[in-house]
Amino acid sequence: MSTAQDGGEMEFDALVIGAGFSGLQGLKKLKDLGLSVVAIETAEDVGGVWWWNRFPGARTDSQSWVYCFDDDRLKKSWRWTEKYSPQAEVQAYLAEFARIHNLYPHIRFGTSVTAAHYDEDAQRWSVRTDDGTTYSVRYFVTGTGVTATPYVPDFPGLQDFEGEVLMTRAWPEDGADFSGKRVGVIGTGSTGVSVIPLIAEQAERLTVFQRTPNYVFPARNNKLNDYEWASIARRYDDIMKGVREHPFAFDIPVSATLPDEVSPEEQQRILERAWEKGNHWMLFAAFADVFTSERTNKLAADYIRERIRAIVEDPAVAEKLCPKDHTLGHKRPPVGHDYYETYNRPNVELIDIKDTPIERFEARGLVVDGRLHEVDAVVLATGFDVLTGTLNRIDIRGRGGQRLVDKWAGGPRTYLGVMVDGFPNLFMITGPQAPFANIPTVAEVTADIVTEIVAHARHRASPEVEVSEDAVDGYSDLLSSIFDMTVLGRGESRSWLQGTNVPGKSESPLLWVGGLPGYRAIWADESAKEYPSLQFT
Ligand code: NAP
């Protein structure tokens, strides 16, 4: 294996972008195949989003014991301390994963990939990084994740604001102290919902600027005591097996009940239990058809609205917090820790900016509907240009010099979120159109597919493997038609799941919502039939 050096030209079998859940899976699995592999990571350590997102309240919203890899060694040695792990613990977990599998020597930190061009004659990728190094590799593998590229709206006058501007994704390393300050938060997605209650506890005054209210489930976090951990540890293999069978790869039961099968009283009892269990129970464990029946979806949404009205003391504020224009699931529902309760605090004000957007920033604050809201600091929790946003910022060119960004002008089209026709030997781990599910599991499943294809290509001594256009069309069309069968697309509001949160981004479902088992079945069939969708040259 060559040792990478700034400014030089290096040769490896494979290059992986990223050292988060996806990149680390790719690096480990390709290394285990016996390939020479280099991983390129912009940050100074492993973690991906769990390295960058250090804002107060950053923690998982999937149960800790499944928001991790199905790794035999770590399942025995690692112990999660809380039901929903704080950011630092997830980053430490990934560091431990990298350490025990000896991945660190293969990662170049503080470096970003700027371009990757396919050389059809050599059947290799030429990958350039911002330190001037060129890597010639057979396989170019992206593990750029879902939320690597922040989206910051172009607020007029932001540069004139004399207070502090904090982006949740680039939080100051030594934290931020809001004591005695007037703070504004823009954005009420999962990030805003996480940060708002904690800023409210510290700041003199918090003003939340909300464009679209979300359905926020209570997290019901707790420290995992010895008894709970022993129970998880004893069943760990079965839990992980269940996760792969679960539509969204969680450790949450899946209901087979339809609302019409039970009385109205029983419906309410089921919804109440799901709310009390917290997290995403209401999406999976209450009724079987929350994502496919508008009636059931509305039943659950009405229930959540009633809970909001019961928690928030000021009826006018409660109404502003009730989502009305989109189905439950249209936007990925955040999980909160005393989120709605925060609006009962005397130092918190909610400003509805749906019909009266932020007009501009001025030196002392921001103007909405002609009123200046004076703030000392503003926190931007405005989301991400998910999935394609990161890949499209890299100059990726396949056969005939075709640019990926052009090919995807109308939205991404892939085979299983893993391969793209016209881009041989390019593989994506947790790429656009991968399953909408618990990310570590998606990273494992998609990395398994990539590794299987690479192993097969090497077994056949094929230097080049490419997916057919028919397979890409078939998968992408199936993905869209399944998405259309759900109620997830229905709503007036913007959603990153369809690319509509970023102005100018083309609208198309960015993830497979047909469930992880259905996705795995497509690949199992492909594999059993000896890869009819792939051409090994
Ligand atoms: P998001 O869900 O896209 O939310 C962005 C927020 O910013 C929305 O409330 C949006 O309003 C608002 N916004 C955007 N542009 C605006 C503008 N011009 N004016 C006013 N408001 C504006 O992004 P996110 O909260 O960062 O979450 C993204 C995803 O990251 C989540 O769905 C989840 O998958 C992941 N995440 C997970 C966790 C966790 O708990 N594990 C935490 C954070 C993030 P509109 O809704 O009106 O567009």
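Residues numbered from 1 in each chain as written. Predicted model: local features only at pLDDT ≥ 70, side-chain atom pairs only at ≥ 80, totals over all residues. Heavy atoms only, no water.

Novice: Can you break down the site of the ligand residue by residue, with the values?
Specialist: Within the structure, the ligand sits among 24 residues, and Thr 191, Arg 211, Thr 212, Lys 331 and Trp 496 are positioned closest to it. Within the contact set of the ligand, an oxygen atom lies 2.7 Å away from a side-chain nitrogen or oxygen of Thr 191. A distance of 2.8 Å separates an oxygen atom of the ligand from a polar side-chain atom of Arg 211. Taken by itself the ligand offers 910 Å² of open surface, and the protein chains cover 87% of this. (Near = heavy atom within 4 Å. Polar contact = N/O pair within 3.5 Å; in protein donor to acceptor, adjacent residues only side chain to side chain. Areas by Shrake-Rupley, 256 points an atom, 1.4 Å probe, with all protein chains shown as cover.)

Novice: Tell me what's going on with helix H16 (residues 469-485), and back it up with residues and numbers.
Specialist: In this model H16 runs 24 Å from its N-terminal to its C-terminal C-alpha over 17 residues, within 8% of the 24 Å that 1.5 Å per residue would give. Here the buried face of H16 lies against strand E19 (465-467) and helix H17 (516-528). (Helix = DSSP H or I, 4+ residues; strand = E, 2+ residues; numbered from the N terminus. Expected span 1.5 Å × (residues − 1). Contact = heavy atoms within 4.5 Å.)

Novice: Tell me about the sheet that holds strand E15 (residues 371-374), residues and numbers included.
Specialist: Hydrogen bonds between backbone groups are what pair the strands of a sheet, and the pairing can be parallel or antiparallel. Pairing is antiparallel across the open sheet formed by 3 strands, whose spatial order is E13-E14-E15. Strands at the two margins of the open sheet, each flanked by one partner only, are strand E13 (358-362) and E15. Neighbour-to-neighbour, the strand axes of the sheet open up by a mean angle of 25°, direction not taken into account. Pairing geometry for strand E14 (residues 365-368) and E15, over 4 bridges, is antiparallel. Residue pairing for E15: Gly 365 is matched across the bridge by Glu 374. (Pairing = 2+ DSSP bridges. Axes fitted to C-alpha atoms, helices over the stretch in contact; angles between N-to-C directions.)

Novice: Lay out the nonpolar core in plain terms, naming residues and giving numbers.
Specialist: Of all hydrophobic cores here, the largest spans 132 residues; its most connected members are Met 282, Tyr 343, Phe 427 and Leu 534. Apart from the residues within four sequence positions on either side, Met 282 is in contact with Phe 217, Leu 271, Ala 274, Trp 275, Val 290, Ala 300, Tyr 303 and Ile 304. Of all hydrophobic cores here, the second largest spans 23 residues; its members include Leu 15, Trp 125, Val 420 and Leu 426. (Core = buried A, V, L, I, M, F, W, Y, C linked by side-chain atoms within 4.5 Å. Buried < 20%, exposed > 50% of the residue type's maximum accessible area, 1.4 Å probe, protein only.)

Novice: Requested: an account of the environment of Val 502, with residues and values cited.
Specialist: Among the structural elements, Val 502 can be located in the loop between H16 and H17. The sequence separation of Val 502 and Phe 483 amounts to 19 residues, and the corresponding C-alpha distance is 20 Å.

Novice: I'd like a description of the sheet that holds strand E12 (residues 348-352), backed by residues and values.
Specialist: The strand order across the open sheet built from 5 strands is E7-E16-E8-E9-E12, with neighbouring strands paired in parallel fashion. One side of each edge strand has no neighbouring strand; the edge strands of this open sheet are strand E7 (164-167) and E12. Each adjacent strand pair in this sheet contributes to an overall mean axis angle of 20°, direction not counted. Two elements, strand E8 (residues 182-186) and strand E9 (residues 205-210), share 5 bridges in a ladder whose sense is parallel.

Novice: Could you give an account of the pattern of salt bridges, naming the residues involved and the relevant values?
Specialist: Scanning all chains against the criterion turns up 45 salt bridges. The shortest N-O distance in the salt bridge between Arg 59 and Glu 82 comes to 3.0 Å. With Arg 59 in the loop between helix H2 (49-52) and helix H3 (72-77) and Glu 82 in the loop between H3 and helix H4 (87-100), the pair connects residues that are 23 residues apart, well separated along the chain. Given the relative accessible area of 25%, Arg 59 is considered partly exposed. Here Asp 325 makes a salt bridge to Lys 354, at a shortest N to O gap of 3.4 Å. (Salt bridge = Lys/Arg side-chain N within 4 Å of Asp/Glu carboxyl O.)

Novice: Go over the packing of helix H1 (residues 21-32) against helix H15 (residues 439-459), please, and point to the residues and values.
Specialist: Between H1 and H15, the shortest axis-to-axis distance is 9 Å and the interhelical angle comes to 35°. As for how H1 packs across H15, the hand of that crossing is right-handed. In this structure, H1 contributes Phe 21, Ser 22, Gln 25, Gly 26, Lys 29 and Leu 30 to the contact, and H15 contributes Pro 440, Ala 443, Glu 444, Ala 447, Asp 448, Thr 451 and Val 454. (Left-handed = near helix turned anticlockwise from the far one by under 90°.)

Novice: Could you give an account of the side chain of Ser 194, naming the residues involved and the relevant values?
Specialist: Within the fold, Ser 194 resides in helix H5 (residues 190-202). Other than its neighbours up to four places away in sequence, Ser 194 contacts Phe 55, Pro 56 and Gly 57.

Novice: A description of the pairing of E14 should follow, citing residues and the corresponding values.
Specialist: Bridge count between E13 and E14: 4 bridges; the pairing is antiparallel. Paired with Phe 361 across the two strands is Leu 366, which belongs to E14. Between the antiparallel neighbours E13 and E14 lie 2 residues. With antiparallel pairing between neighbouring strands as the criterion, E14 and E15 make up a hairpin whose turn holds 2 residues, including Asp 369 at a positive phi of roughly 55°.

Read these as spatial facts, not as claims about activity.
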